[in-house]
Amino acid sequence: MALIVDSTDDCSEHTDGREGPATLELEPERRRIDVTDLHADGIEAFVESNVDTDEVSLEHRGSRTYLVLEE
């Protein structure tokens, strides 16, 4: 299974509460790893063995699920 890393920003919201696309200055770069093919138990094991932080979240984009590494 190949994991895809997407380091693009989600520019759908401003971090200061305004609506509209955010600029790069307002939104920190977040690393995303495609975990669509992993089961829920597999995601936890993947984080424990392959990621340097416990500060992660899941994000759905269309039919894909990404593990987002928070900075």
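Just so it is clear, the model here is predicted, and its values are computed rather than measured. (Residues numbered from 1 in each chain as written. Predicted model: local features only at pLDDT ≥ 70, side-chain atom pairs only at ≥ 80, totals over all residues. Heavy atoms only, no water.)

**Quick notes on the overall build of the chain**
In step 1: In terms of helices and strands, the chain carries one helix and four strands.
In step 2: Element order for the chain, N to C, with α for helix and β for strand: β-β-α-β-β.
In step 3: For the chain, long-range pairs separated by at least 24 residues make up 46% of all intrachain contacts whose partners lie at least 6 apart in sequence.
In step 4: Split by element, the accessible area of the chain, about 5100 Å² in all, is 47% carbon and sulfur. (Helix = DSSP H or I, 4+ residues; strand = E, 2+ residues; numbered from the N terminus. Contact = heavy atoms within 4.5 Å. Areas by Shrake-Rupley, 256 points an atom, 1.4 Å probe, with all protein chains shown as cover.)

**Here we look at the nonpolar core**
Most often, soluble globular proteins keep nonpolar side chains buried together rather than apart.
In step 1: Judged by nonpolar contacts, Ile33, Val35, Leu38, Ile43, Phe46, Val47, Val51, Leu67 and Leu69 together constitute the single largest core of nine residues.
In step 2: Every element with two or more residues in this core is listed here: helix 1 (40-50) and strand 4 (64-69).
In step 3: Among the elements that take part in this core, helix 1 stands out by supplying three residues, more than any other.
In step 4: Residues contacting Leu69, with those up to four places away along its chain left out, are Arg30, Arg31, Ile33, Val51, Glu55 and Val56. (Core = buried A, V, L, I, M, F, W, Y, C linked by side-chain atoms within 4.5 Å. Buried < 20%, exposed > 50% of the residue type's maximum accessible area, 1.4 Å probe, protein only.)

**Quick look at the pairing of strand 3 (residues 56-61)**
In step 1: The pairing of strand 3 with strand 4 spans six bridges and is antiparallel. The residue bridging Val56 from the neighbouring strand is Leu69, located in strand 4.
In step 2: The loop that links strand 3 with its antiparallel partner strand 4 comprises two residues; one of these, Gly62, has a positive phi angle of about 65°. (Pairing = 2+ DSSP bridges.)

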